[in-house]
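Close look at the chain arrangement
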Amino acid sequence: MNRLKIAIQKSGRLSENSHRLLEECGIKFSNGTSVLKTSARNFPVDILFLRDDDIPQYVEQQVADIGILGENMVFEKNKDVEVLEQLGFAACRLSLAIPREDVFAGPEYFNNRKIATSYPRLLSQYLSENNITAQIEEISGSVEIAPGIGLADAVCDIVSSGSTLLTNGLREVITILKSQAVIIGNKNLDDEKRSILEKFLFRIRSVKKSRENKYILLNAPEKAIGEICKILPGMKSPTILPLVEKGWCSLHSVVREDDFWERIDQLKAAGAEGILVIPIEKMII
Ligand code: PRP
Ligand code: ZN
């Protein structure tokens, strides 16, 4: 039987979340640190552990059928692959950074300077769009130390928390692009692999939905229910159960987590009490 080959990052910013996503999709696999390939026990997929930089090329060549990696790498490598789903984790940005003490008046700063990066394609695109003439010094790792050791004047690199820049005395001055984890796929999968992929994407979407939504329970006076439903617009046809105490009821529904945090004070003012917000493990709509 055909198996879908999924490439994920072997070690780095995306690997832990990629593992967790597969596990939450109910895909069970063993995961020794030195293993490069493993087969899931309960779903027709094989998992390949690769450098994220190589994943676009491997997916294009169908060494892997699909891959989980940052959009930043997908845009940089510009391979002939399809972006199938945005995953909402590993948010980061590709930014230009300069020595902290340097004065920065605008992009002209970079004219005739040397910029170290692992993203030469995206950087040169940015430079030409902004009519800047700078020298690109391509290096594959530890880009942030380049100015400190005299290899370059500035860097163009991935920033997530910003702590790497901080510890290297650098300051972010321009964001070139924003990125998050995505799934990419080969464009020529056969029907059998497409059907495994559809099942896999269905699971991923259920996991994503469950992360964005919470199950909410609260008690409120019956007369406040209309008002409460207006405060939480995502709350469609809530379940309402009477409480022993006359005139009171318990309301159960699903809400977007963001909506909930925005409106907690309004809910309380409307009379909601004993509010419980509970994670949802899977959400199938
Ligand atoms: C990036 C970048 C920094 C780090 C920044 O590496 O090169 O090392 O993340 O993160 P911070 O702002 O939270 O300190 P990434 O994992 O994207 O690259 P790699 O695959 O080359 O290790
Ligand atoms: Zn990498």
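Residues numbered from 1 in each chain as written. Chains lettered and ligands numbered in written order. Predicted model: local features only at pLDDT ≥ 70, side-chain atom pairs only at ≥ 80, totals over all residues. Heavy atoms only, no water.

**Side note on the overall build of the protein chain**
- Summing up its helical and strand segments, the protein chain has 8 helices and 15 strands in all.
- Dimensions of the protein chain along its principal axes, counting C-alpha atoms only, are 75 × 55 × 35 Å.
- Expressed as a percentage of the 285 residues in the protein chain, the buried residues total 46%.
- Counting only contacts in the protein chain whose residues sit at least 6 apart along the sequence, the fraction spanning at least 24 positions is 69%.
- If you sum the accessible surface of the protein chain, you get close to 14,800 Å²; carbon and sulfur atoms cover 48% of it.
- Positive and negative side-chain charges of the protein chain, numbering 36 and 39 respectively, have mean locations separated by a distance of 4 Å. (Helix = DSSP H or I, 4+ residues; strand = E, 2+ residues; numbered from the N terminus. Buried < 20%, exposed > 50% of the residue type's maximum accessible area, 1.4 Å probe, protein only. Contact = heavy atoms within 4.5 Å. Areas by Shrake-Rupley, 256 points an atom, 1.4 Å probe, with all protein chains shown as cover. Lys, Arg positive; Asp, Glu negative; His and termini not counted. Charge placed at Lys NZ, Arg CZ, Asp CG, Glu CD.)

**Description of the site of ligand 1**
- All residues adjacent to ligand 1 are Gln9, Arg13, Asp52, Glu144, Asp157, Ile158, Val159, Ser160, Ser161, Gly162, Ser163 and Thr164.
- One of the side-chain N or O atoms of Arg13 is found 3.0 Å from an oxygen atom in ligand 1.
- When ligand 1 is considered free in solution it has 520 Å² of accessible area, and contact with the protein chains removes 73% of it.
- Secondary structure elements with two or more residues in the shell around ligand 1: β9 (154-159) and α5 (163-167).
- With 3 residues, the single largest contributor to the shell around ligand 1 is β9.
- Residues belonging to the shell around ligand 1 are distributed by class as follows: 2 nonpolar, 6 polar and 4 charged.
- Residues lining the shell around ligand 1 come from more than one domain, with at least three contributed by each of domain 1 (4-88 + 180-189) and domain 2 (92-178). (Near = heavy atom within 4 Å. Polar contact = N/O pair within 3.5 Å; in protein donor to acceptor, adjacent residues only side chain to side chain. Nonpolar A, V, L, I, M, F, W, Y, C, P; charged D, E, K, R; others polar. Domains from an automatic or database assignment.)

**A look at unusual backbone geometry**
- Although it is not a glycine, Gln62 adopts a positive phi angle of roughly 60°.
- Of note, Gln62 is situated in the loop between α2 (55-60) and β4 (66-70).
- Phi is positive for Asn112, which is not a glycine, with a value near 60°.
- Position of Asn112 relative to the elements: it lies in the loop between β6 (92-99) and β7 (114-117).

**Observations concerning the domain arrangement of the protein chain**
- Domains assigned within the protein chain are domain 1 (4-88 + 180-189), domain 2 (92-178) and domain 3 (213-279).
- Using only C-alpha atoms to locate each centre, domain 1 and domain 2 end up separated by 28 Å.
- Each partner contributes residues to the interface: domain 1 has 7 residues there, and domain 2 has 10 residues.
- Looking only at domain 1, the three residues that lose the most surface to domain 2 are Arg13, Asn72 and Glu76, adding up to 59% of its buried area. (Buried area = accessible area lost by both parts, 1.4 Å probe.)

**Structural notes on helix α1 (residues 15-24)**
- Every buried residue of α1 is accounted for by Ser15, Ser18, His19, Leu21 and Leu22. Projection of α1 onto a plane perpendicular to its axis shows the buried side chains occupying an angular sector of 160°, all on one side.
- On the buried face of α1, the contacting elements are β1 (4-9), β3 (45-50), β4 and α6 (191-212).
- In the stretch just after α1, Gly26 is the one whose phi turns positive, near 80°. (Arc of directions from axis to C-beta.)

**Comments concerning the sheet that holds strand β2 (residues 37-39)**
- Spatial strand order, β2-β3-β1-β4-β11-β5: 6 strands in an open sheet with mixed pairing. The open sheet has two free edges, formed respectively by β2 and β5 (82-86), since each of these has just one partner strand. Averaged over all pairs of adjacent strands, the angle between their axes in this sheet comes to 25°, without regard to strand direction.
- Bridge count for β4 against strand β11 (residues 181-185) is 5 bridges, and the pairing is antiparallel. (Pairing = 2+ DSSP bridges. Axes fitted to C-alpha atoms, helices over the stretch in contact; angles between N-to-C directions.)

**Quick notes on the packing of α1 against α6**
- Two elements in contact, α1 and α6, have axes whose closest approach is 9 Å; the angle formed by their N-to-C orientations is 105°. On the basis of their axis angle, the class for α1 and α6 is roughly perpendicular. Contacts between α1 and α6 pair Arg20, Leu21, Leu22 and Glu24 from the former with Phe200, Ile204, Val207 and Arg211 from the latter.
- When its residues are assigned to classes, the contact of α1 with α6 shows 5 nonpolar, no polar and 3 charged. (Parallel < 35°, antiparallel > 145°, perpendicular 65-115°, else oblique.)

**Some remarks on the pattern of salt bridges**
- Enumeration over the complete set of coordinates arrives at 13 salt bridges.
- For Arg194, the salt bridge identified is with Glu82, shortest N-O distance 3.7 Å. Of the two residues, Arg194 is situated in helix α6 and Glu82 in strand β5; the sequence distance between them amounts to 112 residues.
- A relative accessible area of 27% means that Arg194 is categorised as partly exposed. (Salt bridge = Lys/Arg side-chain N within 4 Å of Asp/Glu carboxyl O.)

**Brief notes about the sheet that holds β9**
- The strand order across the open sheet formed by 5 strands is β8-β7-β9-β6-β10, and the pairing between neighbours is mixed. Where the open sheet ends on each side, the last strands, each with one partner, are β8 (135-138) and β10 (170-179). With strand direction ignored, the average angle separating the axes of adjacent strands in the sheet is 25°.
- Across 4 bridges, β7 lies against β8 in parallel orientation.

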